[in-house]
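# Reading the structure
Listed below, chain by chain, are the residues.
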Amino acid sequence: MAKQKVVVTGGAGYIGSHTVVALHEAGFSPVIFDNFSNSKPEVLDGIARIIGEKPQIFEVDCRSKAELAQAIEACASDGQIAGVIHFAAFKAVGESTERPLDYFDNNIGSTVSLLEAMTAAGISNLVFSSSCTVYGQPDAIPVDEQAPILPAESPYGYTKQACERLITDAFNSSMPLSACLLRYFNPIGAHPSAAIGELPLGHPNNLIPYLTQATAGKRGPLTVFGNDYPTEDGTCIRDYIHVMDLARAHVASIHWLLSNPASCEAFNLGTGEGKSVSQVIAAFEKANGIAVPYSFGPRRAGDVTAIFANAGKAERALGWKCELSLEEALRDAWKWQQKLTEG
Ligand code: NAD
Ligand code: UD1
């Protein structure tokens, strides 16, 4: 029997490429829709090294309903499409405050076009990449999906809230739609083979890419943003999830949608454990046997003190939970950085 296809918008990106591998390993045929605005075609070679073949790819701008319709039609001509995983978006919080129109246009525009193209093609299953940023600083941690959505701190955060709302409103209308709204905590790490990983273009803003580049001598020492927070060691607490675990959650979501038609649910995807920045540095040094050059600096505007997930709903409904440790994620992140450094 022919494998069912899964369309992966943004499948050449960081989380998308790992999900393409996980889908292939689960017996699906992943099909990438990407315009390479934040990735490189060479990612496909990395994927091929892992799964033994290049995945099908359509160079598509997901804001264009016409391009999406054409690619979906071509894709459906020789196989059944089980659903769409929508990663394609811009994701840099700081940049979104400089270029809000681009973020609204790309992140919300692509989701509107995708919903229209899916409806026209009779595809109802959608997995959407959201973020724990929708919770802001929650009153209680670990945070579950019942926590209120707080006013967004950045245009980027607003686009995630707006897309969740858009998808929920579409679900509540007469549109045939089923959706998982996946709220990622902090994805880190890389495929253990180091064939794919995160490719931050320019100055990395997130902790792990900066930490690995600083340790590799490609950047100055890491600045830890604030050690005067009301936490045990004074540094902020987050929930760092291995990207391989996160990728598996997307496969579980597709399975869930296939057996739960006409459903729309949000799921937190995290480990359930909070780690401080100082704990992450110590864990990285222990896992890799190398010292991280760093110093403490002032707080970063917009940072919440502490957030980590109650991911119980995902475990109950999707049958998914994290299996990999922080140390494994940090080992894989360093392996990937070493590969990049070697060129
Ligand atoms: P990424 O930038 O590595 O991947 C996004 C991919 O989408 C890239 O390959 C890019 O070229 C593509 N893309 C962007 N706009 C497009 C468009 N209009 N048409 C076609 N392709 C387009 O990002 P990522 O880290 O893999 O994140 C994937 C998704 O997860 C995003 O929606 C992001 O907001 C969300 N997310 C990421 C994180 C994180 O820490 N990485 C956390 C929470 C949520
Ligand atoms: C940030 C975004 C979030 C987005 C996520 C993934 C903000 C407020 N939130 O989350 O919306 O979904 O990225 O793209 O920007 N840190 C340092 N030094 C550094 C970098 C980070 O100390 O050079 C600290 C931060 O203060 C934070 C932790 O490391 O405490 C994690 O930071 P980061 O990786 O940027 O993720 P978030 O801020 O959690």
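For the structure itself, look to the data block above.
Keep in mind that what you see is a predicted model, and the values were worked out from it rather than measured.

## Topic: the side chain of histidine 250
Relative to the helices and strands, histidine 250 resides in helix 8 (residues 243-259). For histidine 250, the side chain forms a polar contact with the side chain of tyrosine 184, separated by 2.6 Å. Residues contacting histidine 250, with those up to four places away along its chain left out, are Ile15, Thr19, Ile85, Phe87, Val127, Leu182 and Tyr184.

## Some details on the site of ligand 2
The environment of ligand 2 is made up of 19 residues, and the closest members are Leu207, Thr223, Arg238, Arg300 and Asp303. With respect to ligand 2, the side chain of asparagine 206 contributes an N or O atom lying 3.1 Å from an oxygen atom. Contact between ligand 2 and arginine 300: an oxygen atom at 2.7 Å from a side-chain N or O atom of the residue. Out of a free accessible area of 740 Å², ligand 2 has 87% covered by protein chains. It is strand 8 (residues 222-225) that provides the largest number of residues to the shell around ligand 2, a total of four residues. Among the residues forming the shell around ligand 2, the class breakdown is nine nonpolar, seven polar and three charged.

## Brief notes about the packing of helix 5 (residues 100-121) against helix 6 (residues 155-172)
The contact between helix 5 and helix 6 brings their axes to 9 Å, and the two run at 20 degrees. Classified by the angle their axes make, helix 5 and helix 6 are roughly parallel. When you trace helix 5 past helix 6, the crossing you get is right-handed. Every residue of helix 6 that contacts helix 5 at Pro100, Tyr103, Phe104, Asn107, Ile108, Thr111, Val112 and Leu115 is listed here: Pro155, Tyr156, Tyr158, Thr159, Ala162, Cys163, Leu166, Ile167 and Ala170. Here the contact of helix 5 with helix 6 is composed, by residue class, of 14 nonpolar, three polar and no charged.

## Digging into the pairing of strand 2 (residues 29-34)
With five of its six residues buried, strand 2 lies for the most part within the structure. Both strand 1 (residues 5-9) and strand 2 contribute to a ladder of five bridges, which runs parallel. Bridging from a neighbouring strand, valine 7 pairs with valine 31 of strand 2. In this fold, the crossover linking strand 1 to strand 2 by way of helix 1 (residues 14-25) has right-handed handedness. Pairing of strand 2 with strand 3 (residues 56-59), which is carried by four bridges, proceeds in the parallel orientation. Looking at the pairing, aspartate 34 lines up with glutamate 59 of strand 3. Handedness of the crossover joining strand 2 and strand 3 through helix 2 (residues 43-51) is recorded here as right-handed.

Criteria and cut-off values
Every residue gets a number counted from 1 within its own chain, in the order that chain's sequence is written. Key to labels: chains lettered from A, ligands numbered from 1, both in the order written. The predicted nature of this model means local features are confined to residues of pLDDT at least 70 and side-chain atom pairs, given and counted, to a pLDDT of 80 or more, with totals for whole chains, interfaces and linings taken over all residues. Hydrogen atoms and water are omitted, and side-chain values are computed over all heavy atoms in the structure. The numbering of helices and of strands both runs from the N terminus, where a helix is a DSSP run of H or I of at least 4 residues and a strand a run of E of at least 2. Here a polar contact means two N or O atoms within 3.5 Å. Within protein one must be a hydrogen donor candidate and the other an acceptor candidate, and residues neighboring in sequence count only if both atoms are side-chain atoms. For this analysis, residues touch if any pair of their heavy atoms sits within 4.5 Å. What makes a residue near a molecule or strand is one non-hydrogen atom of that residue sitting within 4 Å of it. A 1.4 Å probe and the Shrake-Rupley method give the accessible areas. Residues count as covered only by the protein chains that appear here. Polar here means any residue outside two lists: the nonpolar Ala, Val, Leu, Ile, Met, Phe, Trp, Tyr, Cys and Pro, and the charged Asp, Glu, Lys and Arg; Gly therefore counts as polar. Angles run from 0 to 180 degrees between N-to-C directions of axes, and those axes are lines fitted to C-alpha atoms, restricted for helices to the stretch in contact. Geometric relationships in this document are graded by angle, where less than 35 degrees denotes roughly parallel, more than 145 denotes roughly antiparallel, 65 to 115 denotes roughly perpendicular, and other angles denote oblique. Handedness of a crossing is defined here by the sense of rotation of the near helix relative to the far one, left-handed for an anticlockwise turn of less than a right angle and right-handed for a clockwise turn. Burial here depends on accessible area, computed with a 1.4 Å probe over protein chains only, as a share of the maximum for the residue type. Under 20% is buried, over 50% is exposed, and the range in between is partly exposed. Any two strands with at least two DSSP-identified bridges between them are counted as paired. Whether a crossover is right-handed depends on one test, that the path from the first strand over the helix to the second runs clockwise when the strands point away from the viewer.

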